[in-house]
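A structural walkthrough
Chain by chain, the residues:
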Amino acid sequence: QVQLVESGGGLVQVGDSLRLSCAASGRAFSRHTMAWFRSTPGKEREFVAGITSSGLSTEYADSVKGRFTISRDTVANTAHLQMNSLKPEDTAVYYCASTFSIMPTAPNAYHTWGQGTQVTVSS
């Protein structure tokens with residue numbers, strides 16, 4: 001199992017960019033599918049982006065497709081989410097998660113979670 005710690009969130013304006021990082025500790029990071037979810041008050045956690053253990057396959061929610069890019073660095077044990085052209089509706093707590101499954105989008109399929117990092121987008 002791995003432990004995950006997110007960083008890189010903050011307050012930005014519409015159209016700005018942020019790069020979130022997910023630092024992993026423990027064993028077998030390279031064997032895990034990694035994903036980013038986001039959560040707002042009163043709503044279920046929403047799948048944002050995922051990347052397979054090989055890094056060869058990625059998946060994105062329609063709401064962020066073309067604006068966000070997920071990547072991973074096995075050597076550094078780190079995953080990233082590059083967020084461009086941010087919109088107010090992107091405001092949420094963003095969570096990094098991992099699983100041995102291929103690339104599920106349901107939160108309950110992920111066994112390891114970080115504590116989240118706040119992203120706030122304002123005009």
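Residues numbered from 1 in each chain as written. Predicted model: local features only at pLDDT ≥ 70, side-chain atom pairs only at ≥ 80, totals over all residues. Heavy atoms only, no water.

**Points about the overall build of the chain**
The secondary structure content of the chain amounts to zero helices and eleven strands. Order of helices (α) and strands (β) in the chain, N terminus to C terminus: β-β-β-β-β-β-β-β-β-β-β. In summary, the chain has a C-alpha radius of gyration of 13 Å against a globular reference of 14 Å for 123 residues, a match within 12%. Sorting the 123 residues of the chain into buried and exposed places 43% on the buried side. A fraction of 59% describes how many contacts in the chain between residues 6 or more apart in sequence connect residues 24 or more apart. (Helix = DSSP H or I, 4+ residues; strand = E, 2+ residues; numbered from the N terminus. Rg over C-alpha atoms; globule rule 2.2 N^0.38 Å. Buried < 20%, exposed > 50% of the residue type's maximum accessible area, 1.4 Å probe, protein only. Contact = heavy atoms within 4.5 Å.)

**Considerations on the environment of G50**
In this fold, G50 is placed in strand 5 (residues 46–51). Judged by its relative accessible area of 0%, G50 is buried. Put simply, G50 and L81 are 31 residues apart on the chain and 9.5 Å apart in space, counted from C-alpha to C-alpha. Here G50 is in contact with M34, A35, S57, T58, E59, I70 and M103, once residues within four sequence places are set aside.

**Brief notes about the sheet that holds strand 7 (residues 68–73)**
Pairing between the strands of a sheet is mediated by backbone hydrogen bonds and can be parallel or antiparallel. Read across the sheet, four strands follow the order 1-3-8-7 without closing on themselves; strand pairing throughout is antiparallel. Edge strands, defined here as strands with exactly one partner in the open sheet, are strand 1 (2–7) and strand 7. Within the sheet, the average angular offset between the axes of one strand and its neighbour, ignoring direction, is 15°. With six bridges connecting them, strand 1 and strand 3 (residues 18–26) associate as antiparallel partners. Of the residues in strand 3, the one forming a bridge with V2 is G26. (Pairing = 2+ DSSP bridges. Axes fitted to C-alpha atoms, helices over the stretch in contact; angles between N-to-C directions.)

**Observations concerning the pairing of strand 3**
Relative to strand 8 (residues 78–83), strand 3 is paired through six bridges, and the arrangement is antiparallel. Across the sheet, L20 pairs through a bridge with L81, a residue of strand 8.

**A look at the side chain of T112**
Checked against the element boundaries, T112 lands in strand 10 (residues 112–113). Given a relative accessible area of 8%, T112 falls into the buried group. At a separation of 2.7 Å, a polar atom in the side chain of T112 contacts the side chain of H111. Beyond its immediate chain neighbours, meaning those up to four positions away, T112 contacts V2, Q3, L4, C96, A97 and S98. (Polar contact = N/O pair within 3.5 Å; in protein donor to acceptor, adjacent residues only side chain to side chain.)

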